[in-house]
Amino acid sequence: MHIKQEATERHTLSVTVDNEAGILARIAGLFSARGYNIDSLTVADVTEDEKISRITIVTTGTPDVIEQVVAQLDRMIPVHNVTDLSVLGPHVERELALVKVVGTGDHRIEALRLAEVYRARVVDSTISSFIFEVTGGTEKIDKFLELMREVGLVEVARTGVAAIVRGKEAL
């Protein structure tokens, strides 16, 4: 007997919550207690009075697992709304990375050439190193890092994914 396994999918969840102490730990705890992984997590105030925050979570799982995660998040207090942007439809995702590259000669020239191709900005420079700022989708950043490894990548800091639904509607 052959059991069919469902394929895992990447999903971006937008969770609006009351901005109170401990909510982020509770949400992360929900994932870890069930053995689910968080690939990226970002948090920002979204109201002028700083009472509501949006948590953007990128995770991977089967459709059943993602549905279960969304339902469990939705039941948490003080969660206002959980939206699976991946299911909802067109949305914009961006990430920022700071990338330190060390090298001289041809490696330095190639690092600058690659940065130009990927529209990365030099935000710091010494005789032997650069720090580039690159923004874009996760795939673009991953590819930029892969190429920079060949010319002297030594350190990376990434912000995680920020995402918002396209069109006139707000979540």
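Analysis parameters
Residues numbered from 1 in each chain as written. Predicted model: local features only at pLDDT ≥ 70, side-chain atom pairs only at ≥ 80, totals over all residues. Heavy atoms only, no water. Salt bridge = Lys/Arg side-chain N within 4 Å of Asp/Glu carboxyl O. Helix = DSSP H or I, 4+ residues; strand = E, 2+ residues; numbered from the N terminus. Buried < 20%, exposed > 50% of the residue type's maximum accessible area, 1.4 Å probe, protein only. Axes fitted to C-alpha atoms, helices over the stretch in contact; angles between N-to-C directions. Parallel < 35°, antiparallel > 145°, perpendicular 65-115°, else oblique. Contact = heavy atoms within 4.5 Å.

### Structural notes on the pattern of salt bridges
Once their charged atoms are close, side chains differing in charge can pair, the charge on each being opposite to the other.
Piece 1. Tallying each qualifying case throughout the model produces seven salt bridges.
Piece 2. A salt bridge links Glu110 to Arg113, with the shortest nitrogen-to-oxygen separation between them at 2.6 Å. Linking Glu110 with Arg113, this pair stays in helix H4 (residues 105-117), spanning three residues, or about one helical turn.
Piece 3. According to the relative accessible area criterion, Glu110 is partly exposed, its value standing at 27%.
Piece 4. Since its relative accessible area comes to 42%, Arg113 is described here as partly exposed.
Piece 5. The partner of Arg121 in a salt bridge is Glu133, and the shortest N-O contact between them spans 3.3 Å.

### What about the packing of H4 against helix H5 (residues 138-149)?
Piece 1. The interhelical angle for the contact between H4 and H5, taken along N-to-C directions, is 170°, at an axis separation of 10 Å. Between H4 and H5, the interaxial angle falls into the category roughly antiparallel. Along the contact surface, H4 presents Ala111, Leu114 and Ala115, while H5 presents Phe144, Leu147 and Met148.

### Details of unusual backbone geometry
Piece 1. A cis amide bond, omega 15°, links Ile77 with the succeeding residue Pro78.
Piece 2. Its identity as a non-glycine residue notwithstanding, Glu50 has a phi of 60°, on the positive side.
Piece 3. Tracing the sequence through the fold places Glu50 in the loop between strand E2 (38-45) and strand E3 (52-61).
Piece 4. The phi dihedral of Arg119 is positive, around 55°, even though this residue is not glycine.

The values reported here are purely geometric and, on their own, carry no functional implication.
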